[in-house]
Amino acid sequence: MYILNSKKEENAMKKLVFMLALILSALSIQAADINGISNAFKNGNASSIAANMDAEVDIAVPGTNKKGSGSDAVAALNQFFQTNKPSGFTVAHHADKNESGFIVGKLPTSTKEFRVNITYTVKDNKILIQSIRIE
């Protein structure tokens, strides 16, 4: 067993333990799991993320720009996917801050490549989409 020889060594050891605890707690913070959303866009299946829609969602897709219910957003996305069949989806940027976050992605489709912006909040470890913009 190592015996600390001085007050300086004891204080240095306390600081080291504190720093390690701080680093480990920072590493344990997890980003929101966006795989379900990513797969929904990749497969053109808005119904699979219906449970992730907030009560009110801003939706802007070519031909539609409105604020409506989560089911309105799912319907608008499904209509978009019928006209523009996705051939993949790539997340370009994803960030979380406190209980909110955003996703920026590229959506290649049968007609052209679109840019997708999604904002969300996290409540009870569940993503709730607040806005979707496809341009």
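Up top is the structure.
Residues numbered from 1 in each chain as written. Predicted model: local features only at pLDDT ≥ 70, side-chain atom pairs only at ≥ 80, totals over all residues. Heavy atoms only, no water.

A. Structural view of helix α3 (residues 70-83). Given a rise of 1.5 Å per residue, 14 residues ought to cover 20 Å, and the 20 Å separating the end C-alpha atoms of α3 matches this to within 8%. Residues of α3 that are buried: Gly 70, Ala 73, Val 74, Ala 76, Leu 77, Phe 80 and Phe 81. Along the axis of α3, the buried positions cluster into a sector of 165 degrees, meaning they face one direction only. Exposed residues on α3 whose side chains face more than 90 degrees from its buried face are Ser 71, Gln 79, Gln 82 and Thr 83. Those residues of α3 hidden inside the fold are in contact with α2 (35-43), β1 (53-61), β2 (64-69), β4 (100-108), β5 (113-123) and β6 (126-134). (Helix = DSSP H or I, 4+ residues; strand = E, 2+ residues; numbered from the N terminus. Expected span 1.5 Å × (residues − 1). Buried < 20%, exposed > 50% of the residue type's maximum accessible area, 1.4 Å probe, protein only. Arc of directions from axis to C-beta. Contact = heavy atoms within 4.5 Å.)

B. Focus on the nonpolar core. Ranked by internal contacts, the top residues of the largest apolar core, which has 28 residues, are Phe 41, Met 53, Leu 77, Ile 132 and Ile 134. Elements with a minimum of two residues in this core: α2, β1, α3, β4, β5 and β6. With six residues, α3 is the largest single contributor of residues to this core. With residues near it in sequence (within four places) discarded, Phe 41 still touches Ile 49, Leu 77, Phe 81, Pro 86, Gly 88, Phe 89, Leu 107, Val 116, Ile 118, Ile 132 and Ile 134. (Core = buried A, V, L, I, M, F, W, Y, C linked by side-chain atoms within 4.5 Å.)

C. Representation of the side chain of Asn 84 within the structure. Residue placement: Asn 84 occurs in the loop between α3 and β3 (90-97). Looking at Asn 84, its side chain comes within polar contact range of the side chain of Thr 111, at 2.5 Å. Those residues in contact with Asn 84 that sit more than four places away from it in its chain are Thr 109, Ser 110, Thr 111 and Phe 114. (Polar contact = N/O pair within 3.5 Å; in protein donor to acceptor, adjacent residues only side chain to side chain.)

D. Structural context of α2. Those residues of α2 that sit buried are Ile 37, Ser 38, Ala 40 and Phe 41. Projection of α2 onto a plane perpendicular to its axis shows the buried side chains occupying an angular sector of 160 degrees, all on one side. Its buried side turned inward, α2 meets α3, β3, β4, β5 and β6. One or two positions beyond α2, positive phi appears at Gly 44, with a value near 65 degrees.

E. Region of the structure containing unusual backbone geometry. Not every positive phi belongs to a glycine, and Asp 124 is a case in point at roughly 55 degrees. Positive phi, normally seen in glycine, also occurs at Asn 125, with a value near 60 degrees. Tracing the sequence through the fold places Asn 125 in the loop between β5 and β6.

F. Here's a closer look at the environment of Gly 44. Locating Gly 44 in the fold gives a position in the loop between α2 and β1. Counting along the chain gives 43 residues from Gly 44 to Ser 87, while the straight-line C-alpha distance between them is 8.5 Å. If near-sequence neighbours (up to four positions away) are discounted, Gly 44 is found in contact with Asn 78, Phe 81 and Pro 86.

G. Focus on the pattern of salt bridges. Applying the stated rule across the entire model yields two salt bridges. The partner of Glu 56 in a salt bridge is Lys 67, and the shortest N-O contact between them spans 3.7 Å. Of this pair, Glu 56 sits in strand β1 while Lys 67 sits in strand β2, and the two are 11 residues apart along the sequence. Of the charged contacts, one joins Asp 58 and Lys 67 as a salt bridge, the two residues approaching to 3.9 Å between their closest N and O atoms. On the accessibility criterion, Asp 58 (34% relative accessible area) is partly exposed. A network of salt bridges, in which partner residues are shared, links Glu 56, Asp 58 and Lys 67. (Salt bridge = Lys/Arg side-chain N within 4 Å of Asp/Glu carboxyl O.)

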